[in-house]
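Residues per chain, in single letters:
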Amino acid sequence: MGSHIELGTSLHPSSNSSPLHPIASNSATLGRHLARRLVQVGVKDVFSIPGDFNLCLLDHLIAEPELNLVGCCNELNAGYAADGYARAKGVGACVVTFTVGGLSVINAIAGAYSEDLPVICIVGGPNSNDYGTNRILHHTIGLPDFSQELRCFQTVTCFQAVVNNLDDAHELIDTAISTALKESKPVYISISCNLPAVPHPTFTEEPVPFYLAPRISNQMGLEAAVEATAEFLNKAVKPVIVGGPRLRVCKAQQAFVELADASGYAISVMPSGKGLIPEHHPHFIGTYWGAVSSSFCGEIVESADAYVFVGPIFNDYSSVGYSLLIKKEKAVIVQPNRVTIGNGPSFGCVYMADFLTALASKLKKNTTAMENYQRIFVPHGIPLKREINEPLRVNILFKHIQEMLSGDTAVIAETGDSWFNCQKLHLPENCGLSFNLSMIFPRYEFQMQYGSIGWSVGATLGYAQAAKHKRVIACIGDGSFQVTAQDVSTMIRCGQKTIIFLINNGGYTIEVEIHDGPYNVIKNWNYTKFVDAIHNGEGKCWTTKVKTEEELIEAISKATGEEKDSLCFIEVLVHKDDTSKELLEWGSRVSAANSRPPNPQ
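All figures in this text were calculated on a predicted structure; none of them were measured in a lab.

Focus: the overall build of the chain
Move 1: Each helix and strand in the chain was counted, giving 21 helices and 21 strands.
Move 2: Projected onto the principal axes, the alpha-carbon positions of the chain cover approximately 75 × 65 × 60 Å.
Move 3: Within the chain, buried positions represent 58% of all 601 residues.
Move 4: Of the roughly 23800 Å² of accessible surface on the chain, a fraction of 53% belongs to carbon and sulfur atoms.
Move 5: The average position of the 47 basic charges and that of the 60 acidic charges among the side chains of the chain differ by 4 Å.

Shown next, in the form of structure tokens:
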């Protein structure tokens with residue numbers, strides 16, 4: 001956090017743009033400026049749905065040679081795709097139309113807000129002449145008030161710009177984009193439909209590159225926080241470190257590794273932080289998730305006499321229904337700009353990366369917790385012997401997915417039992433993390449805080465579009481797939497080579513384990529035929545169904561061999577009650593938390 005912030009590929013203009021070069025007055029338009037600004041901050045692909053209020057703006061985005069417009073099947077998936085793109089690139093963007101598009105995409109934008117992702121949501125708005133009149137427009141709820149969409153976005157974005165006047169358009173657009181990058185949150189930009197093509201003097205030169213002011217810790221506060229934390233930890237017998245999801249927004253992954261190397265402590269990761277720290281690190285002991293932690297990890301963390309939680313989010317899901325056996329007086333909580341030791345003291349204006357780097361030089365080496373882990377650790381058992389052509393089990397499926405992982409793959413896990421099965425995957429070197437200039441991006445993604453069922457289809461589209469050098473492996477349940485299935489079409493159209501494992505167990509299994517009912521059973525589809533229909537002979541797509549391990553092995557061999565340049569859709573048929581033991585435990589605890597009776601009044 002102590003150096004200037006670079007998002008996406010770079011905050012500097014591309015090699016063939018010169019920031020102070022004047023451009024022809026008839027090209028000095030708002031639409032061109034916005035397109036160039038998106039390219040400049042690292043957005044090369046924009047996910048869109050056309051509508052009459054944004055068509056002129058889309059013309060200008062298409063006209064920008066360094067920008068690719070990706071047409072999606074619906075607004076929700078366009079927003080999910082921008083979310084996935086931002087996870088891989090550092091920033092994403094989507095374009096929809098006024099109100100009917102905006103209110104459709106807003107769920108995805110709320111998810112991006114909860115996960116600290118800078119997504120630029122652009123909406124084509126009403127003609128500038130209609131503002132302030134008493135006119136009723138289409139795509140509205142029939143009132144002469146155009147602010148409904150804006151008011152909805154105010155709660156799920158960190159900045160909102162309504163551009164209906166060219167005089168302040170330049171300032172509003174630049175402020176919105178720079179705020180998204182600084183806050184690592186989504187922003188909303190509404191642009192009147194009659195403005196993108198109109199020249200204006202403020203757009204007569206190439207956009208000057210952003211330079212975002214560095215966030216610098218209060219030096220006295222930093223020194224005090226480091227001294228107090230070092231004193232606290234150096235007295236501990238078996239301290240541990242746990243990484244959380246806010247490592248991403250603070251870009252503190254490298255500082256976390258420095259601290260782990262210097263301290264010798266055992267390190268683990270919260271489930272929502274998986275992929276943010278290297279799992280090949282010699283001190284890595286697994287995922288800490290209370291009662292459903294990796295084997296032997298929970299015991300080491302919860303028996304420690306001091307634990308450093310770096311960037312945690314403690315919600316009912318990550319705490320397994322508020323059942324973590326963690327004591328506040330033993331914890332050092334490191335948040336993006338604050339450090340709290342035990343029940344106090346607390347130090348503000350101390351930024352995470354600065355703090356971790358400074359603390360690394362002050363800690364005594366202590367490998368006790370790591371030695372305890374090695375003492376009690378027993379390697380994973382081998383799955384039970386199976387019969388030839390025995391129905392496929394989920395644990396067998398994920399054994400084979402584990403073998404597929406390499407530095408050239410990335411994993412997307414949909415909300416559901418895939419959360420728990422993918423948590424157990426060991427991410428090999430370069431699969432969990434990769435380095436891009438000064439940035440570190442995870443290669444494992446799931447949406448734990450917001451947990452929107454159906455997120456993964458759009459997110460896979462966006463992520464694969466951004467990380468073309470990776471082959472994405474998406475694990476999606478049948479219930480989730482039915483919510484957002486259409487944009488497999490867009491994956492095929494974009495020539496993506498993703499491997500989708502569609503796990504068909506007949507319903508919303510994660511909901512079944514929290515609270516069962518007939519509403520958790522869904523209509524079964526012929527999923528491979530559905531994707532074949534979408535494919536329709538255009539582009540490269542291969543589908544298959546598997547019911548046994550023999551068929552699975554053959555399918556994976558084909559997907560990674562002769563069909564390696566195709567989008568591969570593998571429908572895996574498993575028993576409806578074949579779930580991970582972690583989901584069974586987690587579901588019962590979340591159910592107990594959800595069903596607590598009202599406190600007496």
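From this point, the discussion proceeds with the structure in view.
A closer look at unusual backbone geometry
Keep in mind that most residues, glycine aside, have a negative phi and that most peptide bonds are trans.
Move 1: Of note, the bond from glycine 344 into proline 345 is cis; its omega dihedral lies within 30 degrees of zero at 10 degrees.
Move 2: Along the chain, proline 345 turns up in the loop between strand S12 (338-341) and strand S13 (346-348).
Move 3: Positive phi values are uncommon outside glycine, yet lysine 251 reaches one of about 50 degrees.
Move 4: Tracing the backbone shows lysine 251 in the loop between helix H8 (247-250) and helix H9 (253-263).
Move 5: Here lysine 251 falls in the partly exposed class, since its relative accessible area comes to 28%.

A look at the sheet that holds strand S14 (residues 409-413)
By definition, the strands of a sheet pair up through backbone hydrogen bonds, in either a parallel or an antiparallel sense.
Move 1: One open sheet holds the six strands; their spatial order is S17-S14-S18-S19-S21-S20, and the pairing between them is parallel. Looking at the sheet topology across the chains shown, the edges are occupied by strand S17 (444-445) and strand S20 (541-546).
Move 2: Strand contacts of helix H19 (residues 527-535): strand S19 (499-504), S20 and strand S21 (567-573), with the helix running at about 170 degrees to S20, the strand carrying the most contacts.
Move 3: Against the sheet, helix H20 (residues 549-560) contacts strand S18 (471-477), S19, S20 and S21, and its axis sits at roughly 170 degrees relative to S20.

Looking at the pairing of strand S3 (residues 92-97)
Move 1: For S3, the buried fraction is high: six of the six residues fall into the buried class.
Move 2: Residues Gly92, Cys94 and Val96 of S3 are buried on one face, and the alternating residues Ala93, Val95 and Thr97, pointing to the opposite face, are buried as well.
Move 3: The sheet contact formed by strand S1 (residues 45-48) and S3 spans two bridges and is parallel. Opposite phenylalanine 47, over in S3, you have cysteine 94 as the bridge partner.
Move 4: Both S3 and strand S4 (residues 119-125) contribute to a ladder of six bridges, which runs parallel.

Topic: helix H1 (residues 30-40)
Since the α-helix packs 3.6 residues into each turn, any two residues three or four apart lie on the same face.
Move 1: Burial of H1 is extensive: ten of the eleven residues sit out of reach of the surface.
Move 2: Among all positions in H1, only Leu30, Gly31, His33, Leu34, Ala35, Arg36, Arg37, Leu38, Val39 and Gln40 are buried.
Move 3: After H1 finishes, the residue glycine 42 shows a positive phi value of roughly 110 degrees.

Comments concerning the sheet that holds strand S9 (residues 284-287)
Move 1: The sheet built from seven strands is open, its strands ordered S9-S8-S7-S10-S11-S12-S13 with mixed pairing. With partners counted over all chains shown, the strands left at the sheet margins are S9 and S13, one partner each. On average, each strand axis in the sheet is inclined to that of its neighbour by 15 degrees, with strand direction left out of account.
Move 2: Note that strand S11 (residues 331-335) and S12 share four bridges and pair antiparallel. If you follow valine 334 over to S12, its bridge partner there is valine 339.
Move 3: Running over the sheet, helix H11 (residues 352-360) touches strand S10 (307-310), S11 and S12 and is turned about 135 degrees from S11.

About the cut-offs
- Residues numbered from 1 in each chain as written.
- Predicted model: local features only at pLDDT ≥ 70, side-chain atom pairs only at ≥ 80, totals over all residues.
- Heavy atoms only, no water.
- Helix = DSSP H or I, 4+ residues; strand = E, 2+ residues; numbered from the N terminus.
- Buried < 20%, exposed > 50% of the residue type's maximum accessible area, 1.4 Å probe, protein only.
- Areas by Shrake-Rupley, 256 points an atom, 1.4 Å probe, with all protein chains shown as cover.
- Lys, Arg positive; Asp, Glu negative; His and termini not counted.
- Charge placed at Lys NZ, Arg CZ, Asp CG, Glu CD.
- Pairing = 2+ DSSP bridges.
- Contact = heavy atoms within 4.5 Å.
- Axes fitted to C-alpha atoms, helices over the stretch in contact; angles between N-to-C directions.

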